[in-house]
Amino acid sequence: ILNVEQSPQSLHVQEGDSTNFTCSFPSSNFYALHWYRWETAKSPEALFVMTLNGDEKKKGRISATLNTKEGYSYLYIKGSQPEDSATYLCASPSGSARQLTFGSGTQLTVLP
Amino acid sequence: GAVVSQHPSWVICKSGTSVKIECRSLDFQATTMFWYRQFPKQSLMLMATSNEGSKATYEQGVEKDKFLINHASLTLSTLTVTSAHPEDSSFYICSARDPFRGNQETQYFGPGTRLLVL
């Protein structure tokens with residue numbers, strides 16, 4: 001069983017602020033790293049799947065970086081908006097079916 | 001994007017009854033679906049991997065006779081909580097992979113089912 005950790009557990013920012021949070025995972029036998037956004041009462045939505053060390057992916061104001069050698073990924077949100085309020089989950093696959101092991105998530109609240 | 005539905009979204013039942021939760025991939029075929037459980041303030045915990053046409057693979061500590069999984073078609077997997085007890089009260093959520101869409105590793109999630117056993 002992988003140990004995937006996220007920090008901080010929760011975060012409150014003002015509208016317009018930029019923010020970032022961390023996902024750490026075992027660097028050995030690395031396969032991929034997933035980021036999801038989970039808004040209340042909705043389905044978790046896939047943001048990124050990252051596989052290569054040094055990868056940087058971007059979707060609008062959200063971007064993510066990956067360091068497989070040291071076992072961490074950062075998720076950045078530029079100019080946070082209230083609609084960015086959600087729980088952000090990272091997950092790493094393992095096993096024959098590449099089952100996902102999730103971190104506990106970072107709950108982001110963007111205050112207007 | 002790929003859409004996964006789950007039904008029901010809420011269920012309240014009496015202790016000792018069985019509850020069936022359906023997970024459907026609406027616009028793609030899924031040979032593999034996953035069932036997760038989330039306790040309050042905890043992460044999603046994988047319960048089992050559901051494979052179309054074969055037996056599910058359960059994670060350690062998950063009772064297969066308690067949580068029956070059937071994946072009879074490429075678009076439907078069901079989770080039946082048998083003889084439910086209050087400790088089974090939780091949030092259950094499913095996901096599926098679409099091997100023909102974008103990144104094959106991405107899992108598409110349903111909205112989840114909240115089960116309350118009285």
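Bear in mind that the values here come from a model prediction, so they are computed numbers and not experimental data. (Residues numbered from 1 in each chain as written. Chains lettered and ligands numbered in written order. Predicted model: local features only at pLDDT ≥ 70, side-chain atom pairs only at ≥ 80, totals over all residues. Heavy atoms only, no water.)

S.K.: Sorry if this is basic, but what is going on with the packing of aromatic side chains here?
M.R.: A ring pair, where both rings are aromatic, is described by two values, the distance of the centres and the angle of the planes. All names here are of chain A. Counting across every chain of the model gives 13 aromatic pairs over all chains. Their ring planes at 45 degrees and their centres at 5.3 Å tell us that Phe21 and Tyr88 sit as a pair that is tilted. You can see Phe21 sitting in strand 3 (residues 19-24) and its partner Tyr88 sitting in strand 9 (residues 86-94), a full 67 residues away along the chain. Tyr88 carries the same exposure label as Phe21, and that label is buried. A centroid spacing of 5.0 Å and a plane angle of 40 degrees characterise the contact between Tyr72 and Tyr74, whose relative ring orientation is tilted. (Phe/Tyr/Trp six-rings, centres within 6.5 Å; stacked < 30°, edge-to-face > 60°. Helix = DSSP H or I, 4+ residues; strand = E, 2+ residues; numbered from the N terminus. Buried < 20%, exposed > 50% of the residue type's maximum accessible area, 1.4 Å probe, protein only.)

S.K.: Would you mind going over the pattern of salt bridges with me for this structure?
M.R.: Opposite charge on two side chains permits pairing when their charged atoms draw close. If you walk through the whole model with that rule in mind, you get six salt bridges over all chains. As a salt-bridge pair, Arg37(A) and Glu45(A) come within 3.1 Å of each other at their nearest N and O atoms. For Arg37(A), a relative accessible area of 15% translates into the label buried. By relative accessible area, Glu45(A) is classed as partly exposed at 31%. For the salt bridge of Lys66(B) with Asp88(B), the shortest nitrogen-to-oxygen distance reads 2.7 Å. Residue Lys66(B) is found in the loop between strand 6 (57-58) and strand 7 (67-73), and its partner Asp88(B) is found in the loop between strand 8 (76-81) and strand 9 (90-97); the two are separated by 22 residues along the sequence. Here Lys66(B) matches Asp88(B) in class, with each residue buried. (Salt bridge = Lys/Arg side-chain N within 4 Å of Asp/Glu carboxyl O.)

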